[in-house]
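Structural overview for review
Here is what each chain is made of, one letter per residue.
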Amino acid sequence: MKKGKLIVFSAPSGSGKTTLVNALLQKNLPLSFSISATSRKPRAGEVDGKDYYFLGSEDFKNKIDREEFVEFEEVYADKYYGTLKSEIERNWEAGKHVIFDIDVMGGLNIKSQYPQETLALFIQPPNKAVLEERLRSRGTESEAEIQERVAKAEKELNAAPKFDSIVINDDLDLAIKEVCEKAEHFLKS
Ligand code: 5GP
């Protein structure tokens, strides 16, 4: 199989990493988004096969048993997320490098399996209050879910030094510029 490169964006939920990933995808680079599989329900507007492969819990567990994942996590209680091996292969075969929007453990997992091919970026919110505010203004999670995500974020922030690079997402335009420069430099190297 042809091998391309992998660019991982990991961050606590609410750090704005999806916005940065989308900005990088707008650039005219041979990059393709890795569509993760998840057992959580789609949110309004999310499309199966575009935002995620939405699988039932049973289906997700069968794929774990058949070792179809490069990495997977029970990111929140009873909500599984994972990267299918077929997703990386599909993109590499198409001559694309792959970009990931995945949680911190998942990002480090990809890096450890593909150390030479991976640029792992940690997107850091300026502080905890901003993170909580961003989660609230998104309006997609219940208060209990927001608290679950904030608690997880505190642990994830400790993993930042294990990444290749940390980008602080305070000023969005600056953060976009920084990730695009880092990605372009990595793809040329
Ligand atoms: P959300 O439910 O907000 O779409 O995603 C919740 C968390 O799961 C986010 O931090 C997201 O990056 C992470 N996530 C999405 N896809 C994957 C994946 O394939 N593997 C892992 N480990 N985490 C993922």
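Numbering of residues starts from 1 in each chain and follows the order in which that chain's sequence is written. In keeping with the model being predicted, local features are shown solely for residues with a pLDDT of at least 70 and side-chain atom pairs are shown and tallied solely at 80 or more, while totals for entire chains, interfaces and linings include all residues. For the side-chain quantities, the full set of heavy atoms in the structure was used; hydrogens and water were omitted.

The criterion is simple. A nonpolar core is a set of buried Ala, Val, Leu, Ile, Met, Phe, Trp, Tyr and Cys residues joined through side-chain atoms within 4.5 Å. Note on exposure labels: buried denotes an accessible area under 20% of the residue type's maximum, exposed denotes more than 50%, and partly exposed covers the range between, all computed with a 1.4 Å probe on protein chains only. If you look at the biggest cluster of nonpolar residues, it comprises 18 residues, and the most contacted ones within it are Ile7, Phe9, Leu24, Leu121, Ile123 and Val179. Under the DSSP-based scheme used, a helix requires at least four consecutive residues in state H or I and a strand at least two consecutive residues in state E, with every element numbered from the N terminus. Mapped by element, the contributors of at least two residues to this core are strand E1 (6-10), helix H1 (17-26), strand E8 (118-124) and helix H7 (172-188). Looking at this core, the element that brings in the most residues is H7, giving six residues. If you look at the next biggest cluster of nonpolar residues, it comprises 17 residues, including Leu6, Trp92, Leu108 and Ala120.

One bridge is not enough; two strands pair if DSSP finds at least two bridges between them. Across the sheet, which stays open at both edges, the four strands sit in the order E4-E3-E6-E5 with mixed pairing between neighbours. Sheet topology places strand E4 (52-54) and strand E5 (69-76) at the edges, where each strand pairs with a single neighbour. Here the strands of the sheet are splayed against their neighbours by 25° on average, with no regard to which way each runs. Pairing between E5 and strand E6 (residues 79-84): six bridges, direction antiparallel. Across the sheet, Glu73 pairs through a bridge with Tyr81, a residue of E6. Contacts are assigned to residue pairs with any non-hydrogen atoms lying within 4.5 Å of each other. An axis is simply a line fitted to the C-alpha atoms; with a helix, the fit covers only the stretch in contact. Between two such axes, the angle follows the N-to-C directions and lies from 0 to 180 degrees. Contacts from helix H3 (residues 85-93) reach E4, E5 and E6, with the element oriented near 35° to E6. The sheet strands contacting helix H6 (residues 143-157) are E5 and E6, and the helix crosses E5 at an angle near 120°.

It is worth spelling out the layout of surface pockets at this point. If you roll a probe as big as a water molecule over the atoms, it shows you where there is empty space left. Buriedness for pockets is judged along seven lines, at least five of which must meet protein on both sides within 12 Å for an open set on the 1 Å grid over protein atoms alone, while cavities are sets there where a 1.4 Å probe fits but cannot get out, and lining residues have an atom within 4 Å of a point. Grid points are joined across faces, edges and corners, and a volume is the space filled by probe spheres set on the points. In this structure, the largest pocket spans a volume of roughly 950 Å³. In terms of lining, the largest pocket is formed by 38 residues, of which the most central are Lys17, Thr18, Arg43, Tyr52 and Asp101. Among the elements of the structure, H1, E5, E6, strand E7 (97-102), helix H5 (128-138) and H6 are those that each provide at least two residues to the lining of the largest pocket. In terms of residues, the lining of the largest pocket owes the most to one element, H1, which gives seven residues. Under the scheme applied here, ten amino acids are nonpolar (Ala, Val, Leu, Ile, Met, Phe, Trp, Tyr, Cys and Pro), four are charged (Asp, Glu, Lys and Arg), and all others, including Gly, are polar. Here the lining of the largest pocket is built from residues that sort into 11 nonpolar, 12 polar and 15 charged.

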